Amino acid sequence: HGFKNMWGAAIKPRFPLGFGLSYTTFAHGQPSLKVVGDSDIPMLELSVEVVNTGKATGSEVVQVYGSCQDCQLARLPVALLGFARTGELPP
C-alpha cells in the first residue's frame, strides 16, 4: 500500500497528501527561498511565517513538495522535499 501504489493505480486517497488533523487552524505567509551552502553543493532554504488563527494552542508541520521536470528516471509526479515542525503556537 502507500502513496506510490495509490498514485500508480490511480486510486483517489480519502485525504490529500500532507493532510493532518488539528484542534486549531493555521495561516501560512508568503514563502521565501534562498540559495545557501557553497558553490559546489548549493542547497535551497525555504522559510515561511506560520500563525495560529484558531482558539487552541498547537503546532504545525510545514511540508514542501516538488517535482523533477527533466528527470531521466521514472519518478512520482511529486515528492516530499522537506518538512519542519513549529514549536507550540498560542492562538
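Residues numbered from 1 in each chain as written. Predicted model: local features only at pLDDT ≥ 70, side-chain atom pairs only at ≥ 80, totals over all residues. Heavy atoms only, no water.

A. The arrangement of the side chain of glutamate 60 in detail. With respect to the helices, strands and loops of the structure, glutamate 60 is situated in the loop between strand 4 (50–52) and strand 5 (61–66). Despite its burial, glutamate 60 remains without a salt bridge, the nearest opposite charge being carried by arginine 85 at 7.2 Å. Separated by 3.0 Å, the side chains of glutamate 60 and histidine 28 make a polar contact. Discounting residues that sit within four places of it in the chain, glutamate 60 has contacts with Phe26, His28, Val50, Ala84, Arg85 and Thr86. (Helix = DSSP H or I, 4+ residues; strand = E, 2+ residues; numbered from the N terminus. Buried < 20%, exposed > 50% of the residue type's maximum accessible area, 1.4 Å probe, protein only. Lys, Arg positive; Asp, Glu negative; His and termini not counted. Salt bridge = Lys/Arg side-chain N within 4 Å of Asp/Glu carboxyl O. Polar contact = N/O pair within 3.5 Å; in protein donor to acceptor, adjacent residues only side chain to side chain. Contact = heavy atoms within 4.5 Å.)

B. Looking closely at the pattern of salt bridges. This structure, assessed with the given rule, holds 1 salt bridge. Close ionic contact of lysine 34 with glutamate 45 constitutes a salt bridge, the shortest N to O distance being 3.7 Å. Placement of lysine 34 in strand 2 (residues 32–36) and of glutamate 45 in strand 3 (residues 43–47) is noted, with a sequence separation of 11 residues between them.

C. Quick peek at the side chain of serine 59. Looking at where serine 59 falls in the secondary structure, it is placed in the loop between strand 4 and strand 5. A distance of 3.0 Å separates polar atoms of two side chains, one belonging to serine 59 and the other to arginine 85. The residues contacting serine 59, other than those within four sequence positions of it, are Phe26, Arg85, Thr86, Gly87 and Glu88.

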